[in-house]
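Next come the chains, spelled out residue by residue.
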Amino acid sequence: MSVDIRIRNAVKKYGDNTIIPDLSLDIREGEFFTLLGPSGCGKTTLLRMIAGFNTIEGGDFFFNDVRINDMDPVKRNIGMVFQNYAIFPHLTVEKNVAFGLKNRNLPKEEIAAKTDQFLKLVKIEEYRTRMPERLSGGQQQRVALARALAITPDVLLMDEPLSNLDAKLRVEMRTVIKEIQNEIGITTVYVTHDQEEAMAVSDRIAVMNEGDIQQIGIPKALYQRPANLFVASFIGLTNLITSRLEISNGQTYICLPGEYKIPLDTIRKEERRAQDVILSIRPEELYVKPFGEDGVAAYVDDAVFLGLNTHYFIHFEDGEKAEIIQESQIDSIIEKGTKISLGVKTDKINVFDTEGKRNLVEGVVNDLDAYSGAL
Amino acid sequence: MRATLSKKGDVWRLVSVLILVLYAVILVYPLARLLKVSVITPDGHFSLDGFRAFFGQRYYVRSISNSLKVSVAATVISLLVGVPLAYFYQMYELKGKSLLQVLIILCSMSAPFIGAYAWIVLMGRSGIFTKLLGGIGIKVGSIYGFKGILLVLTLQLFPLVFLYTCGALKNIDNSLLEASINMGRSGTKMFLTVVIPLCMPTIIAAALLVFMRAFADFGTPLLIGEGYKTFPVIIYDAYFAETGGNRMFGATVSIIGIIITACIFLIQNYFSNRHKFTMNAMHTIERKQAHGLKNVLINVYSWFVVALAFMPQVYVIYSSFQKTSGKLFVPGYSLDSYRFAFTHLKKAIPNTFKIGITALAIMIVLAVLIAYLVVRRSNFANKVIDTLSMVPYIIPGSVIGIALVLAFSKRPLLLTGTVTIMVIALIIRRIPYTIRSSVAVLQQIPLSIEEAALSLGASKMKTFFTITVPMMGNGIISGAILSWVTIITELSTAVILYNANTITLTLAVYTYVSRGSYGVAAAYATILTVTTIISLLLYMRVTGNKEVTL
Ligand SMILES: Nc1ncnc2c1ncn2[C@@H]1O[C@H](COP(=O)(O)OP(=O)(O)OP(=O)(O)O)[C@@H](O)[C@H]1O
Ligand SMILES: [Mg+2]
């Protein structure tokens, strides 16, 4: 039986060091929820608070309506997949998977049946009698997953389960994890600092920084309408350009380098006033036009051909640099030093206040806002 | 230079040959002599009379079963005491845990017979506790015989189990325990079904070590065993009878001893091969604070066993300052025992250092060379060296002593009674441990570093001395200090080889204990203990931590 997880005003301290000052979060039943953030931001810490391996210095943790703060980790019915797999080296694959089942006083046949079922699910039944030492990294990871799932936990917790694998296997295994999660529909909390991985597997993502959650939302929302500058620059590539909002004749404009002004209709009504802002323009939100056409003037510094796309490194007339991604063309790559004009896909760009705390554009969805009132 | 080298093979081949020759002389030849003397009569006939004499007498045969009983019991109890202690120590915040650990190490390093004699003085027929408790009507059972040997050996050996198990626990990744808890196993159940199996390879190794020590220890049963004769005591008696006459019998008993320990080793090997896996902790187990009754119980348990094990040493130090009259302690305190100790057996202290340091220096050089050959130049000859160097690990010390006497009592190899033979004995006995630790250190050093040096034009020897050895440095030094402690407390071989000129501190303690001069013995023992403590502090300084791993 899956549960939903509610965390209210969680506090974590190590000695006098506050790692998580005040964190609230809802994880829905059956969803694949990812904690994403830079190294040291407290992802593991939070995950282990849910698992019961870290003390909780403040706040409340609920599984459905049951407060679990003081519940013994043994009783929380959690499946956990560890970064280093934590496979018992002295037990065969099969016995590793059966380990948790044996603690439940199930009849022998049921243990055998369930072990089979999960060995098959993760596709390692042919290695069942092997010792873990003689398995590859990916196979060990599958054992870890099968072992965690075999106990039919209420919640599946995974702390960077793929970080010990090579790049290709990482992509392969994340698909496996996602598929299996879909199949059994278990509430899953996943930790990673790889944003691409997060986007690939998650239903929703919480972006963390320094113990605070910055934004919670579906991958698309985080990428297209980041709630603040941190999220904008942590997820995906982006060019940050200092700029100004100006209003004339009731129309809002943004100023781009070279005194080039573009009308912008996406700014929220209450923010439509003259003010300094920071623009976040992703490389694919700029497009190259031949010089002379209407657009921002810029010069190409370098070009990198990557197959599908070509990356251009450019600078504007005021010297500010930016990166652009264009679909590769058949004819030729633009030479270094070429002067170009740039068009802007205005509906896509994001505009932040000078502190980077707020996105001024309409359509920002941050599930975190649900709690800010309740705090 | 290069041409000559490639013709003869490299320098390391020469080193292999030299070491092989050395082992042939100091180990293979003495053991071969021993075997020969045991089955060839002085007039040159093959005969199994020695074996017949041994197995024909219940008295002798019983000594084997006695020894096995004592050793098995001591091993089991040491494990039962030591493994939980290590678990508590690594898992929970114990009160004064640093001190606790230092005390445990000190216990493991003292000579067992000192424990035996302290327990006699405390709980023997006219022991202090016996009288005190007798005064209030409590009768303590006899400390002599099986029970006494078991008590002393267990208290001496559980610290070894502790140290080994701690090493294994440090290799367990915390997430393994968390995984177990997640899947519903915690507490005692987790200890029994996860922690113990994970430590099994180490526990089996520790069990062998403890068993061998218990089986080979002869000082303890000699002092406290009384009528309960164990096998090493028989070897010792046979040897001293042998100096009087029947050499064959002494040799026979020694060979029987080797056969028994070899069997034990094979049995252990069988089990350890079935429990083989490696672990490497990314996150070591973090100590937790236990609460309530549990906290009280684990603290009481830990401190109780350690206090019990350490009490003899405290008592020995205390009694070294007691006033004596003749061999008896009288009320009051004085330094007479020390005065006596420093004026008699004047050679004991300098000998201890002379013999110990010489043996240590040669042993380190040899061990490092052998470790290098074993790890980096694996070939048949070096495998032979590896095996040879480990042979003494399973041979009782007194047997080695007897083999050396048999081999080196005639010209041109007349060495008996010299410092040289003592040094050889110590090297043979202790080098297996030093080699193991050097091998472990060397395995941590990537081969590519040496290859880089070679590619930059350094010769093989230069690479070894300027790159490999310095990188092994700390590991070697810390290993050496621990070896040093075992060297200065070695008794069972030395007691067969020593004479008035080559007596050491440990032997001096033994001599005066067996003469009943407990005050003087205590003074020597205290000097020994202080030397041990200083060595241990040095070790902690060098390794920069408080954790001793064997
Ligand atoms: N046992 C501890 N004692 C003290 N501080 C700790 C402890 N564990 C973690 N911290 C601190 O808490 C902060 C968050 O650590 P945490 O392990 O949760 O980071 P993370 O987000 O998982 O990072 P990574 O991506 O590198 O795994 C870090 O600053 C870390 O130094
Ligand atoms: Mg982490």
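Predicted, not measured: the structure shown is a model, and the values here were computed from it.

Participant: I'd like a rundown of the nonpolar core, residues and numbers included.
Facilitator: One finds Leu25(A) and Leu46(A) to be the most contacted residues of the largest nonpolar core, which totals 230 residues. With 17 residues, the single largest contributor to this core is helix α10 (residues 187-216) of chain B. Not counting chain neighbours up to four residues away, the residues in contact with Leu46(A) comprise Ile7(A), Ile20(A), Leu23(A), Leu25(A), Leu35(A), Phe61(A) and Met208(A). Within the second largest apolar cluster, 34 residues are counted, among which are Val81(A), Leu119(A), Tyr127(A) and Tyr190(A).

Participant: Quick rundown of the domain arrangement of chain B? Include the residues and the values.
Facilitator: All names here are of chain B. Taken domain by domain, chain B holds domain 1 (12-41 + 321-550) and domain 2 (61-297). For domain 1 versus domain 2, the distance between C-alpha centres works out to 22 Å. Facing 46 residues of domain 1, the contacting portion of domain 2 comprises 44 residues. Summed over both sides, the interface between domain 1 and domain 2 buries roughly 3900 Å², with carbon and sulfur atoms accounting for 75% of that surface. On inspection of domain 1 and its partner domain 2, the count reaches 0 salt bridges. Linking domain 1 to domain 2 there are 2 residue pairs in polar contact (both at pLDDT 80 or more). Among the elements of the structure, α2 (11-39), α18 (397-407), α19 (419-444), α21 (460-488), α22 (494-497), α23 (505-515) and α24 (518-543) are those that each provide at least two residues to the side of domain 1 that touches domain 2. In terms of residues, the side of domain 1 that touches domain 2 owes the most to one element, α24, which gives 9 residues. Partitioned by chemical class, the residues of the side of domain 1 that touches domain 2 number 33 nonpolar, 9 polar and 4 charged.

Participant: Help me get a handle on the sheet that holds strand β2 (residues 17-27) of chain A, residues and values and all.
Facilitator: Residues and elements named next belong to chain A. Strand order in the open sheet formed by 4 strands is β2-β1-β4-β5, with antiparallel pairing between adjacent strands. Looking along the sheet, the strands with just one partner apiece sit at the ends: β2 and β5 (66-67). Direction of pairing for strand β1 (residues 5-14) relative to β2: antiparallel, over a ladder of 7 bridges. For Lys 12, the partnering residue across the bridge sits in β2 and is Ile 20. Across the sheet, helix α1 (residues 43-51) touches β1, β2 and β4 (58-63), and the angle it forms with β1 is around 115°.

Participant: So what about the interface of chain A and chain B? Which residues, and what values?
Facilitator: With 20 residues of chain A in contact, the opposing surface of chain B contributes 23 residues. The tally of links from chain A across to chain B stands at 1 salt bridge. For Arg48(A), the salt bridge goes to Glu178(B), with nearest N and O atoms at 2.6 Å. On the surface where chain A and chain B come into contact, there are 4 residue pairs in polar contact (both at pLDDT 80 or more). Contributions of two or more residues to the side of chain A that touches chain B are made by β6 (78-81) and α2 (93-102) of chain A.

Participant: Please provide a residue-by-residue account of the site of ligand 1, values included.
Facilitator: Residues and elements named next belong to chain A. Taken together, the residues surrounding ligand 1 are Tyr 14, Ile 19, Ser 39, Gly 40, Cys 41, Gly 42, Lys 43, Thr 44, Thr 45, Glu 160 and His 193. Within the side chain of Tyr 14, one N or O atom sits 3.4 Å away from a nitrogen atom of ligand 1. Between Glu 160 and ligand 1, the recorded distance is 3.1 Å, taken from a side-chain N or O atom to an oxygen atom. About the coverage of ligand 1: the protein hides 61% of its 630 Å² of free accessible area. Ranked by residues supplied to the shell around ligand 1, first place goes to α1 with 3 residues. Of the residues that constitute the shell around ligand 1, the class distribution is 3 nonpolar, 6 polar and 2 charged.

Participant: Residue-level account of the packing of α23(B) against α24(B), with values.
Facilitator: Residue and element names in this part refer to chain B. At a minimum axis separation of 8 Å, α23 and α24 run at an interaxial angle of 160°. The orientation of α23 with respect to α24, classified from their angle, is roughly antiparallel. For the element pair α23 and α24, the recorded crossing hand is left-handed. Residues Leu 505, Thr 506, Ala 508, Val 509, Tyr 512 and Val 513 of α23 pack against Tyr 518, Val 520, Ala 521, Tyr 524, Ala 525, Ile 527 and Leu 528 of α24. Its residues assigned to classes, the contact of α23 with α24 comprises 12 nonpolar, 1 polar and no charged.

Participant: Tell me about the packing of aromatic side chains, and please be specific about residues and values.
Facilitator: Using the criterion set out here, one finds 33 aromatic pairs over all chains in the structure. Ring centres 4.7 Å apart and planes at 45° place the aromatic pair Phe88(A) and Phe99(A) in the tilted group. Placement of Phe88(A) in the loop between β6 and α2 and of Phe99(A) in helix α2 is noted, with a sequence separation of 11 residues between them. You'll find Phe88(A) and Phe99(A) in the same group, each marked buried. Look at Phe218(B) and Tyr236(B): their rings are 4.6 Å apart centre to centre, the planes differ by 35°, and that puts the pair in the tilted class.

Participant: I'd like a description of a nonpolar patch on the surface, backed by residues and values.
Facilitator: A cluster of nonpolar side chains, Leu293(B), Val296(B), Leu297(B), Val300(B) and Phe304(B), forms an exposed patch at the surface whose accessible area comes to about 520 Å². Relative to the helices and strands, Val300(B) is located in helix α14 (residues 292-320).

Participant: I'd like to hear about the pattern of salt bridges, residue by residue, with values.
Facilitator: All names here are of chain A. In this structure the tally under the stated criterion is 29 salt bridges over all chains. Between Asp 65 and Arg 6 there is a salt bridge, with its nearest N and O atoms 3.5 Å apart. In this pair, Asp 65 is assigned in the loop between β4 and β5 and Arg 6 in strand β1, connecting sequence segments 59 residues apart. For Arg 6, a relative accessible area of 26% translates into the label partly exposed. Across the pair Arg 244 and Asp 276 runs a salt bridge, and its minimum N-O distance is 2.9 Å.

Rules behind the numbers
- Residues numbered from 1 in each chain as written.
- Chains lettered and ligands numbered in written order.
- Predicted model: local features only at pLDDT ≥ 70, side-chain atom pairs only at ≥ 80, totals over all residues.
- Heavy atoms only, no water.
- Core = buried A, V, L, I, M, F, W, Y, C linked by side-chain atoms within 4.5 Å.
- Buried < 20%, exposed > 50% of the residue type's maximum accessible area, 1.4 Å probe, protein only.
- Helix = DSSP H or I, 4+ residues; strand = E, 2+ residues; numbered from the N terminus.
- Contact = heavy atoms within 4.5 Å.
- Domains from an automatic or database assignment.
- Buried area = accessible area lost by both parts, 1.4 Å probe.
- Salt bridge = Lys/Arg side-chain N within 4 Å of Asp/Glu carboxyl O.
- Polar contact = N/O pair within 3.5 Å; in protein donor to acceptor, adjacent residues only side chain to side chain.
- Nonpolar A, V, L, I, M, F, W, Y, C, P; charged D, E, K, R; others polar.
- Pairing = 2+ DSSP bridges.
- Axes fitted to C-alpha atoms, helices over the stretch in contact; angles between N-to-C directions.
- Near = heavy atom within 4 Å.
- Areas by Shrake-Rupley, 256 points an atom, 1.4 Å probe, with all protein chains shown as cover.
- Parallel < 35°, antiparallel > 145°, perpendicular 65-115°, else oblique.
- Left-handed = near helix turned anticlockwise from the far one by under 90°.
- Phe/Tyr/Trp six-rings, centres within 6.5 Å; stacked < 30°, edge-to-face > 60°.
- Patch = residues over 30% accessible without salt bridge, like charges linked within 9 Å, V, L, I, M, F, W, Y side chains within 5 Å.

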